[in-house]
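So you can see what is in the structure, the chains are spelled out below.
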Amino acid sequence: MRVFNKNLRLQDVTIMYFIALAALMVILVASYQAPINAVEVSSLTPSPSNSLPYLPMPFRVPLDPRGDLQLAWNISYADQQVYMELRVRELKHGVVLGMSDRGELTNADLVVLWDSGSKSYFGDAWSDSEGRVSLDSQQDYELMEAKQKPDGFYLLFKRPFSTCDPRDYLIEEGTVHIIYGLLDQPLTSLEQLNLSRIHTGVQRVLMLRPDTPSPTLPPDVETLDVVAPNVIIPNQETTYWCFIQELPENMPKNHIVMYESVITPGNEAIVHHMEVFECSPDMRNVPQYSGSCDDKMKPGKLNFCRHVLAAWAMGAEAFYYPPDAGLAMGGPGSSRFLRLEVHYHNPLLISGRRDSSGIRLHYTPSLRRYDAGIMELGLVYTPIMAIPPKQDTFYLSGYCTSKCTNTALPPGGIYIFASQLHTHLAGRGVRTVLVRGGKELEVVQEDQHFSTHYQTIRVLRKMVNVLPGDVLITKCTYNTEDRSKPTVGGFGIMEEMCVNYIHYYPRTKLELCKSHVDPEYLQKYFNFINRFHGNDRCVCGEVSVTEQYSQLHWDAFAGEVLDSLYNTAPISMHCNQSTALLFPGDWEKQSVPEVTTVLEKPRYPCEGGAAPIGRPPTPTA
């Protein structure tokens, strides 16, 4: 029995042949098609008619230690957009630029330029938990220009602060960790790229800056350069260099109204950050010194040069004081000695490089209406406050109470215009909030991507008025997953701090408004935890607090009880005058300030699902 006749079989074979041929052609053509969603960069040198008008890029930072990659940017708050310009000195086969929570190569938001061997492509991408790269289905980076210039290849592109894409980084106030990498060979497919297999690096910037115009300096302004004295940068990765500079004798009182960095040309990618400190006025003489800040043979008096005058970090712009205020320098009650501290980051171990970088102070003898002041908020530097080991997230809070502000502030209060956040290596986030009548009124400063490697004075977008009776709460977030022992508070780099140095006016006698848990209640905690774990003999009070913390058996219960203690037990207040003496009053066993209403984080229209990269859950503890 025949199932098919001869004619039908030939017809079927013919149809099948052409179907197979068409399928083969589709496969071959698809293999050479541009990646879905990517933009083909048709030419490295666009015709002049396609060139964009000049777009100012006021903010810029070198990304790598050689300065081969440089990022510049501008901000449009009206459009909620960031415009970025990436310069690559020598482009081979592509470049990667991205943002992640703390500079990780995994789960990062990326923009990639790559070539397939014949064509170049630009696209919005992301990396997974293994560092593998994929094109994003939602393309939020918009390429505006790709152009070869004499000094390198330039990419100009933009993206919104918030893209409503859970794979994308949410650009917020505070530190942004930038990752970068160069491609040394073509990619037939972007999926071939794994960030762990190429040379990459991390840079930190303040992406969002105040959009107010810079004030005009007075005509009688003078300058003072506090700079390193032609230092030979050590050929080691990290160096903190200290230098003592003396002001002119009998210098009258002046107001610092602006300061800016002075970087030796060629060292822009090595000079990481700098600070100028005023020494204690109580010291009549401070020995001359130029050397490592960590040298055990350095003069001991350098430890009493801690009053911050100026701070700069890579990528920071000039710092201006408000028109009504200036920071006093010279005159009675001030020190003639300044300490410059320069952090050199030299991972390439470059030898023989000389440096005279520092900070230029602009000051005027025409005094402004108000003296500006600097006040410390947060936690007292004491081992009484500690973080348990192996903690993914642990919070510590320091208080400036209503009793202290009632005692020390003038009737009209003070105006905070800038601040400098500070923790050591375990710090992950810092937030200072103003509380009035039990309600959180506004955030003074916040950085939930904080890095101890990037600390500078940050101008507030809006001044904050603190009145007598207000409360200031500074809350720090820590991670000690890599530590097997508790981390206590203190000055050492492996100890911890939680501080916000606020810059304000008019200056008051209040120089320090900080707290710590009451020591007696801490001893009750040690006694309870030891007994809970079967240790009937508590050494409470017989050894130091640091030793008591280290002897505890740390489990989840011990950490939870400590957290509860810190949030509920009475506190000891340090409401200190500039003389380091307490204001009159009883400052022990004060109640923790009550907060009945908390501020909600600003929400974006798309929020309600998964948080984008860079938006950690809002702390509830």
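It should be emphasised that the depicted structure is a prediction, and the values quoted were computed from it without experimental measurement.

### Thoughts on the state of the cysteines
Here the structure, examined in full by the defined rule, presents five disulfides. Put simply, Cys400 and Cys513 are joined by a disulfide, and their sulfur atoms are 2.0 Å apart. Measuring handedness by torsion sign, the sulfur bridge of Cys400 and Cys513 sits at about 90 degrees and is right-handed. One end of the pair, Cys400, is in strand S28 (residues 394–400); the other, Cys513, is in strand S36 (residues 510–517), with 113 residues separating them in the sequence. The class for Cys400 is buried, based on a relative accessible area of 1%. With relative accessibility at 0%, the residue Cys513 sits in the buried group.

### Considerations on the sheet that holds strand S35 (residues 499–505)
With respect to topology, six strands assemble into an open sheet ordered S32-S29-S35-S26-S36-S37, the strand pairing being mixed. The open sheet has two free edges, formed respectively by strand S32 (458–466) and strand S37 (571–577), since each of these has just one partner strand. Across the sheet, the mean angle separating the axes of adjacent strands is 25 degrees when strand polarity is ignored. Of the pairings in the sheet, the one linking strand S29 (residues 414–422) to S35 comprises seven bridges and is antiparallel in character. Opposite Ala418, over in S35, you have His503 as the bridge partner.

### Details of the sheet that holds strand S19 (residues 307–313)
Sheets are built from strands that pair by backbone hydrogen bonding, the pairs being arranged parallel or antiparallel. Spatial strand order, S18-S15-S22-S17-S19: five strands in an open sheet with antiparallel pairing. The open sheet has two edge strands, strand S18 (290–292) and S19, and neither has a second partner. Taken pair by pair, the neighbouring strands of this sheet meet at an average axis angle of 20 degrees, ignoring direction. The sheet contact formed by strand S15 (residues 238–246) and strand S22 (residues 337–345) spans nine bridges and is antiparallel. Opposite Tyr240, over in S22, you have His343 as the bridge partner.

### Quick look at unusual backbone geometry
Here the amide bond leading from Tyr505 into Pro506 is cis, since omega sits at -10 degrees, within 30 degrees of zero. One can find Pro506 in the loop between S35 and S36. Of note, Lys589 is a non-glycine position whose phi angle comes to about 50 degrees, a positive value. Here Lys589 is to be found in the segment after S37.

### What about the confidence of the model for the chain?
In this model, the chain carries a mean pLDDT of 87, and residues with pLDDT of at least 70 account for 88%. Mean pLDDT values for the elements of the chain range from 48 in helix H1 (residues 6–31) up to 98 in strand S33 (residues 471–478). Taken together, the stretch residues 43–51 has pLDDT below 50 and engages in 10 contacts with residues farther than four places along the chain or on a different chain. Taken together, the stretch residues 616–621 has pLDDT below 50 and engages in seven contacts with residues farther than four places along the chain or on a different chain.

### What to know about the packing of aromatic side chains
This model, assessed by the stated rule, comprises 20 aromatic pairs. A ring pair is formed by Tyr77 and Phe161, whose centres lie 5.9 Å apart and whose planes are at 75 degrees; its orientation type is edge-to-face. Residue Tyr77 is located in the loop between strand S3 (69–76) and strand S4 (81–88), and its partner Phe161 is located in the loop between strand S10 (152–160) and strand S11 (175–182); the two are separated by 84 residues in the primary sequence. Among the aromatic residues, ring-to-ring pairing joins Tyr259, Phe319, Tyr321, Tyr370, Tyr415, Phe417 and Tyr505 into one connected group. Geometry around Tyr154 places Lys149 over its ring, the cationic atom sitting 4.4 Å from the centre.

### Examining the side chain of Ser357
Mapped onto the elements of the fold, Ser357 is located in the loop between strand S23 (354–355) and strand S24 (358–364). Owing to a relative accessible area of 0%, Ser357 belongs among the buried residues under this scheme. Looking at Ser357, its side chain comes within polar contact range of the side chain of Asp355, at 2.6 Å. The contacts of Ser357, once residues within four sequence positions are left out, are Val227, Ala228, Val262, Ile263, Thr264, Val271, Met274, Leu340 and Val342.

Cut-offs and rules
- Residues numbered from 1 in each chain as written.
- Predicted model: local features only at pLDDT ≥ 70, side-chain atom pairs only at ≥ 80, totals over all residues.
- Heavy atoms only, no water.
- Disulfide = S-S within 2.5 Å.
- Helix = DSSP H or I, 4+ residues; strand = E, 2+ residues; numbered from the N terminus.
- Buried < 20%, exposed > 50% of the residue type's maximum accessible area, 1.4 Å probe, protein only.
- Pairing = 2+ DSSP bridges.
- Axes fitted to C-alpha atoms, helices over the stretch in contact; angles between N-to-C directions.
- pLDDT = per-residue confidence, 0-100.
- Contact = heavy atoms within 4.5 Å.
- Phe/Tyr/Trp six-rings, centres within 6.5 Å; stacked < 30°, edge-to-face > 60°.
- Lys NZ or Arg CZ within 6 Å of the ring centre and 35° of its normal.
- Polar contact = N/O pair within 3.5 Å; in protein donor to acceptor, adjacent residues only side chain to side chain.

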